Amino acid sequence: MSGPLLEAEAVSKRFSGIVALSDVSLHVADGEFVAVIGPNGAGKSTLFNCLSGVLRPDRGTVTFRGRSLERLRPSARARLGIARTFQRIELFGGMTVLDHLLVADRARTRRGGLWSDLFRGSRPTSEELERCGIVLELVGLTEWADRPAESLSLGKGRLVELARALMCDPALLFLDEPSSGLDRHETAEMSATLETVSRQHGTAIVLIEHDVPMVRRLAERTYVLDYGQLIADGPTEDVLGDERVRVAYLGDNS
Ligand SMILES: Nc1ncnc2c1ncn2[C@@H]1O[C@H](COP(=O)(O)OP(=O)(O)OP(=O)(O)O)[C@@H](O)[C@H]1O
Ligand SMILES: [Mg+2]
């Protein structure tokens, strides 16, 4: 297939007085792993919100496989193969890990009334269990399937979020700070899982991350946002070595 998987051109977004994004352009090829970095408040999550349909950009265009996404809601984007996780983890008390994946699967296949059929105890089909089992295995949560979400560590919770996003078998996955709040061991586990998703499934991944070693390990290319503007992009090593990027973001301790 020719052309990028995702192409955003000159995307801008304001919140009353604040320019959160100004003319930001980004492209992602099929199967590519790119990172978006930048200081707090640089506009990274706003960019994801614009790309995933949570927010409408004020200006600019976003296309996926050459098709405009302008009027598509997050659910319609998910059906095209675009998934995301959120910066703030949101799991549901009283539901197991497996329940979270079943809800995601049923949202995708639109089987039954989602929440209501889960709570009425509608039993999962063998196909549903098989699809969930594949994703649980992929993220290393097989043994945790029947644990209630509230009993999980933050690290495992983030893996559930990832698993939930993977249930729609995405071609493109946006991850907003998946290592946030994780310890070193959990961060390494997350990195390894993302590497597997990328390599084995050919999923294109766009990663927002403050953890520079993780970005260095995983991302082929990196974009840097500062005050809503793209100040650098290119191969990750070049970008991380760029003087402007070091001053704006990395300080002297990189
Ligand atoms: N819904 C909103 N209403 C008003 N201002 C917002 C809203 N969302 C974001 N902003 C502002 O837009 C700017 C960019 O915020 P954004 O959350 O995109 O930054 P970020 O790069 O994700 O930061 P962080 O690293 O802290 O997550 C900030 O100044 C923020 O306060
Ligand atoms: Mg953010």
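Here is what the cut-offs are and how they apply
Here the residue numbers are simple positions, counted from 1 along each chain's written sequence. Written order determines the labels here, with chains lettered from A and ligands numbered from 1. In keeping with the predicted nature of the model, local features appear solely for residues at pLDDT of at least 70, side-chain atom pairs appear and are counted solely at 80 or more, and the whole-chain, interface and lining totals rest on all residues. As a rule here, side-chain values cover all heavy atoms of the structure and leave hydrogens and water aside. Atoms of type N, O and S within 2.8 Å of a metal are treated as its donors, and for Na, K and Ca the window is 3.2 Å; water is not considered, so some sites may appear to be missing partners. Under the DSSP-based scheme used, a helix requires at least four consecutive residues in state H or I and a strand at least two consecutive residues in state E, with every element numbered from the N terminus. Categorising residues by exposure relies on relative accessible area from a 1.4 Å probe, with only protein chains included: less than 20% of the type maximum marks a residue as buried, more than 50% marks it as exposed, and the intermediate range marks it as partly exposed. Pairs of strands are assigned from DSSP output, requiring at least two bridges between the strands. The nearness test applies per residue and asks whether one of its heavy atoms lies within 4 Å of the molecule or strand. A 3.5 Å cut-off defines polar contacts: any pair of N or O atoms within that distance qualifies, except that in protein one atom must be a possible hydrogen donor and the other a possible acceptor, and neighbouring residues in sequence count only when both atoms are side-chain atoms. Each accessible area value is a Shrake-Rupley result obtained with a 1.4 Å probe; residue values ignore everything except the protein chains displayed when judging cover. All residues other than Ala, Val, Leu, Ile, Met, Phe, Trp, Tyr, Cys, Pro, Asp, Glu, Lys and Arg, Gly among them, are scored as polar; the first ten of these are nonpolar and the last four charged. Where each domain begins and ends follows an automated or database-derived domain assignment. To estimate how far a helix should reach, multiply one less than its number of residues by 1.5 Å. The directions from the helix axis to the C-beta atoms form the arc being described. Side-chain rings of Phe, Tyr and Trp, where Trp is taken by its six-membered ring, are said to pair if the distance between their centres is within 6.5 Å; with planes under 30 degrees apart they count as stacked, over 60 as edge-to-face, and otherwise as tilted. Both a distance and an angle decide whether a charge sits over a ring: NZ of Lys or CZ of Arg must be within 6 Å of the ring centre and within 35 degrees of the ring normal. Angles here are taken between N-to-C directions and fall from 0 to 180 degrees, while the axes themselves are lines fitted to C-alpha atoms, restricted in helices to the stretch in contact. Throughout, a contact is declared for two residues whenever any of their heavy atoms are within 4.5 Å.

(A) Broad picture of the coordination of the magnesium ion (ligand 2). For the magnesium ion (ligand 2), the protein coordination sphere consists of S45 (OG) and Q87 (OE1), at 2.1 to 2.2 Å. One end of the pair, S45, is in helix 1 (residues 44-52); the other, Q87, is in the loop between strand 6 (82-84) and helix 3 (97-109), and 42 residues separate them in sequence.

(B) Examining the pairing of strand 9 (residues 221-226) more closely. Most of strand 9 is tucked away, with six of its six residues classed as buried. Covered by surrounding structure in strand 9 are R221, Y223 and L225 together with T222, V224 and D226, the residues of both alternating faces. Note: strand 9 against strand 10 (residues 229-235), six bridges, orientation antiparallel. Residue pairing for strand 10: Y223 is matched across the bridge by D233.

(C) Examining the site of ligand 1 more closely. Neighbouring ligand 1 are 14 residues, the closest being G41, K44, S45, T46 and Q87. Within the backbone of A42, a nitrogen or oxygen atom sits 3.1 Å from an oxygen atom of ligand 1. S45 has a polar backbone atom sitting 2.9 Å from an oxygen atom of ligand 1. For ligand 1, whose accessible area on its own is 640 Å², the fraction buried by protein is 62%. Secondary-structure elements contributing two or more residues to the shell around ligand 1 are strand 2 (18-28) and helix 1. Looking at which element gives the most residues to the shell around ligand 1, the answer is helix 1, with three residues. Within the shell around ligand 1, the residues separate by chemical class into five nonpolar, seven polar and two charged.

(D) Inspection of the domain arrangement of the chain at higher detail. If you check the domain split of the chain, you get domain 1 (6-89 + 174-250) and domain 2 (92-151). On a C-alpha basis, the centres of domain 1 and domain 2 stand 27 Å from each other.

(E) Summary view of helix 5 (residues 126-139). In a regular helix each residue adds 1.5 Å, so 14 residues correspond to 20 Å; helix 5 covers 20 Å between its end C-alpha atoms and thus fits that length. The set of residues buried in helix 5 consists of E128, C132, V135, L136, L138 and V139. Projected down its long axis, helix 5 carries its buried residues within an arc of 160°, all on one side. Exposed and oriented more than 90 degrees from the buried face of helix 5 are S126, E130, I134 and E137.

(F) Focus on the packing of aromatic side chains. Applying the stated criterion across every chain, the model contains one aromatic pair. Taking the ring centre of F86 as reference, the NZ or CZ of R84 above it sits at 3.9 Å. A cation over an aromatic ring shows up here: R147 above the ring of W144, its NZ or CZ 4.4 Å from the ring centre.

(G) Just the sheet that holds strand 10, in detail. Pairing in this open sheet of six strands is mixed, and the strands run 6-7-8-3-9-10 from one edge to the other. Looking at which strands have only one partner, the edges of the open sheet turn out to be strand 6 and strand 10. The mean inter-strand angle of the sheet, taken between neighbouring strand axes irrespective of direction, is 15°. Sheet analysis places strand 6 next to strand 7 (residues 172-176), joined by three bridges and oriented parallel. Paired with R84 across the two strands is F174, which belongs to strand 7. Across the sheet, helix 6 (residues 154-166) touches strand 6 and strand 7, and the angle it forms with strand 7 is around 155°.

(H) Here's a closer look at the sheet that holds strand 2. The sheet built from four strands is open, its strands ordered 2-1-4-5 with antiparallel pairing. The sheet terminates laterally at strand 2 and strand 5 (67-68), the two strands that pair on one side only. Alignment of strand 1 (residues 6-15) against strand 2, held across seven bridges, turns out to be antiparallel. Paired with F15 across the bridge in strand 2 is I18. Packing against the sheet, helix 1 makes contact with strand 1, strand 2 and strand 4 (59-64), and its axis sits at approximately 60° to strand 2.

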